[in-house]
Structure formats: structure tokens, C-alpha cells
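# Structure at a glance
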Amino acid sequence: MVEKVLSFIKEQNMIPEGSRGIAAVSGGADSMCLMHILHELAPILKMEFTVFHLNHGIRGEEAERDAEHVRRAAEELGLPCCIRKVDVPALAKEQGISLEEAGRRARYDSLAELKEKTGASWLALAHQKEDQAETILFHIIRGTGIRGLRGIRPVQGDRIRPLLDCSRAEIEHWLDSRGIEYVTDSTNLENEYTRNRIRNHIFPMLQELNPGVKEHMLSLAKQANELYDIQEQMVERLRESCEYRLSDGSMVSHEDWKKMDELGAPVKLPDSLIEERGSVGIGDVLLGELILSEIGRIAGHRRDVTREHIASVIELFSKETGKKVDLPRGVEALRSFDGVILRRKGQVSEPGSGIRVLTIEKQPYYPGFPYPEGEEEKAIDAATVKGTLRLRTPMPQDEIVINAEGGRKKLSRFFTDHKVAKEDRADWPVVVDDEKVIWVVGLRLAENCKLTDDTREVYIIRVSE
């Protein structure tokens, strides 16, 4: 058993030689096994670790018993031990979250504090094979993609799981053979928590249908992991067409952005991601994974982002410029005139220092010809232009003609009607001549500049970054 865990630790590069870590120990079978095996491996790996136990303040005397069991076991092994008590029910009530989520937050917050205090570089958790299978099923029930089918990762940032290749039966047999005592958490038998219902009811029912269901799920996780690596490579290629806004206002390519250290920078997903779907293998799955990862980067976490959120962002590509979608964790998506922007709420998405180019082409008018009518390119009657065509940002007195009778609307009101956020208006691109607004790019062409049966010459105008 010890050799098996040592081999897995080395295979996954979990513990650097000479490092210091923390082992989270509840007192149950899995965590007691973890503590004892790490203790035996400490001289071999030339590492040290501190034992950590959290009393959740839920089970009264039983919880105190567990804490004392861990403290005494660590003392017998000569290991430093930190016991902490947190009133998890009070925390859940205060933050408006479930007991399960409050307990998870309390554990990881406490571990992070201890890590900083001790100078530890890794946190060892006692998940094993059954936990892996239960997690995969939990993800399927909740709704997941390939990423969730991978289950628990052996190494996830500073968290390591040395027992993930061991079964519960192996662990209990090893403990019994060494005469190592462990405690049983009575709440594991309760069905208040989703994972307990999966462990106590759903999996036994599935095993009646197929005794090998857990092994099949573990096999599925390995296949999903391989497919996810391929998917990540493809998503990385999609990122090459994205643009990122730095704090100085400049827009840079993904390659240039990677050299910077601005993790929360807004990103523009260009229309080409939608336009090229089907022709170069871009589908909603890959596009959705790109959107999910960028939301997670901006927000700091992917949690709470659902398929519905991803679908709403994809749908935004077909909406008019200025439309928005609110996303979890303070992120929003904005339809710009040439793509969709993901950003934190309140961030300016189209900086004034970005460079836009107005391209003008003059040609004869051919009735019935399919002239461009996109958000970035328009055809206008050349005879309606007075003086020079220019590209600029809005001015206070700007108006646009909105109907055939010559009715006008101030751009300030126009932006309000189109639900363009105030922070985005100052830098919105506008095409004008010497007398009037011709085109609010991505939103509307002035009515008095459109092609008619009397048109003789056409300007094809295009705005690009």
C-alpha cells in the first residue's frame, strides 16, 4: 500500500523533495490512512507536514471526540497538529449558503491560512477511488461537460490527493492490518447532503444493475481527461483571434496579453468565431468552453456559471450592438459592433486609445446588387455626403435622422433607447461628414443616407480596429 501511494505521488509529481505541506485529517479511515502513509514516506521524500483538523461545530460531543482522536494520533507520530473550530451553521446563515458549501469554504479558508503561516507548498486531501466515482456522478446529475467528467484531479494547484488511486476496501484493510483506529462521522449516514444520498442510495441501486459501475465511471474519467486535453488545445487556438484590453487602454492580441500580468482584463470575442462555425470545426461546445474559461479568468472562478449562461452569451452574437447579458460573479457580456465583450461590470470595453480605421470605396450604383448591410460595413448614397467622411466619437450636439420625413434624434437619447451603457458611449465610433451623422457604427445608418432608386454612386464604408 505504501509503495503504491509512493509510486502515485512520483507519477503525478505531487511532493517536491525537501518541501513542507499540510495533511487535512478528519479522523475517518481515509484521512487516517493518509496521515500514516505520509508519515512513513516523509524520510523517503525528505519532506515535512503539519496535520490539520477542522471541527465544524455541528456534531457536538462527537466532533470533540474526533478532534481529540486526531490530536492524539498526530502526537503519537510526533507530527505538529493544528485543531480549529468554526461555527459552520452560523457561517451558512450569515452568508445565505448551504451547510455543505459553508463547510467547504471554512475548510479551504482555514487551510489557506495555515499554509501561509507554516510556509507549506501543498495541501494533501484524502480523496480515494469511491470519492472519484461519486464526484463524477454528482457532476452528471448537476449538469456537466467533458471537464466535469474528469472528476477529481490528482493535482489541482496546491492541492494533492495521494490516495486517489486507492479503493476504500484497500484503505480499510491496510488500517486493520496495522491496528490503526479511525472514527466514523455519523452525518455520513444522513441524507441531508447530496453526496451522502449518492453514496448511500443511488450508487447501491446502480450496483444492483451493474456491479462494475464504479470502475466504469473511473474508466470514463480517464477517457474524458484525454479528450479534455485535446479540447483545451483547440480552445487555445480560438483564443488566438481574441483581443484583450490592458489597464492602459490598449487592445492587444492573445499572444501579447500572455506576456502581461493583467488576469482580469476584458476580452473581445470577435464575430469571426460565429461566422467560421462549421467551416473550421468551431462548434458551440468549443465556443462554450472558451466563454466559460474567460468568464472564470475574469471572475476568478467558474462556479455558478451554467449552460444557460453560456448559451445566452452565444445568442448575444445575433443581437444588436449594445445588448448585454448579466453573468455570475459580477461579470457581464456586451454586444459590440464587431464581437462580444466579456468584462467585469463597470469596466469600459472600448477604450479611446484603441485605433479604428474607416475605409471608403466609391463605385457606380447597380440596382439589385447585394450591397453590404452588416454591423461593420454599410453602403450609402454618395450624393448625400457633404464634404469629407470622417470617423470620430460622439459630440453633445450630434443628432441622427431616423425616418423618411427627416425626423431627428439626439445621440444621447438614441443611446438610451438602444440600452448602450453610459460608460461605453464616449468612445462609440460614429461616421460623419461636414454636416451630419451618417452612421452610428453597429447600431444605425441615418435614414437620409440610404440607397434609393435615384442613387447613382455608392460609398462602401467599413470601420475596423
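Below you will find a few notes about this structure. Bear in mind that the values here come from a model prediction, so they are computed numbers and not experimental data. (Residues numbered from 1 in each chain as written. Predicted model: local features only at pLDDT ≥ 70, side-chain atom pairs only at ≥ 80, totals over all residues. Heavy atoms only, no water.)

### A closer look at the sheet that holds strand β9 (residues 267-270)
Taken together, 6 strands build an open sheet; the order of strands is β8-β7-β9-β12-β11-β10 and the sheet is antiparallel. In this open sheet, the two strands that pair with only one neighbour each are β8 (251-253) and β10 (324-327). Within the sheet, the average angular offset between the axes of one strand and its neighbour, ignoring direction, is 25°. Where helix α13 (residues 284-299) meets the sheet, it contacts β7 (243-245), β9, β10, β11 (331-336) and β12 (339-344), and its direction lies at approximately 30° from that of β12. (Pairing = 2+ DSSP bridges. Helix = DSSP H or I, 4+ residues; strand = E, 2+ residues; numbered from the N terminus. Axes fitted to C-alpha atoms, helices over the stretch in contact; angles between N-to-C directions. Contact = heavy atoms within 4.5 Å.)

### Notes on the sheet that holds strand β21 (residues 457-464)
Here we have 3 strands laid out as an open sheet, ordered β13-β21-β14, and antiparallel in their pairing. Of all the strands in the sheet, just β13 (357-364) and β14 (377-381) have a single pairing partner and so form its edges. Mean inter-strand twist for the sheet, computed between neighbouring axes without regard to direction, equals 25°. Here 5 bridges tie β14 to β21, and the two strands are oriented antiparallel to one another.

### Quick notes on unusual backbone geometry
One non-glycine residue with positive phi stands out, namely N13, at about 50°. Although it is not a glycine, K46 sits at a positive phi angle of roughly 55°. Counting through the fold element by element, K46 comes out in the loop between α2 (29-45) and β2 (48-55). Given the relative accessible area of 52%, K46 is considered exposed. (Buried < 20%, exposed > 50% of the residue type's maximum accessible area, 1.4 Å probe, protein only.)

### Overview of the side chain of E289
Tracing the chain through its elements places E289 in helix α13. A residue is classified by how much of its surface remains accessible, and E289, at 9% relative accessible area, is buried. Excluding residues within four positions of it along the chain, E289 makes contact with R147, Y228, Q231, E232, V235 and R302.

### Digging into the side chain of D30
Mapped onto the elements of the fold, D30 is located in helix α2. One buried charged side chain, D30, makes no salt bridge at all; its nearest oppositely charged neighbour is R168, positioned 4.6 Å away. One polar contact links D30 to Q128, side chain to side chain, over a distance of 3.0 Å. Beyond its immediate chain neighbours, meaning those up to four positions away, D30 contacts A126, Q128, D131, L163 and I171. (Lys, Arg positive; Asp, Glu negative; His and termini not counted. Salt bridge = Lys/Arg side-chain N within 4 Å of Asp/Glu carboxyl O. Polar contact = N/O pair within 3.5 Å; in protein donor to acceptor, adjacent residues only side chain to side chain.)

### Comments concerning the packing of α2 against helix α3 (residues 61-77)
For the pair α2 and α3, interaxial distance at closest approach is 11 Å and the crossing angle is 10°. Regarding the angle of α2 to α3, the classification is roughly parallel. Between α2 and α3 the crossing geometry is right-handed. Residues M32, M35, H36 and H39 of α2 touch α3, and the partners they reach there are H69, A73, A74 and L77. (Parallel < 35°, antiparallel > 145°, perpendicular 65-115°, else oblique. Left-handed = near helix turned anticlockwise from the far one by under 90°.)

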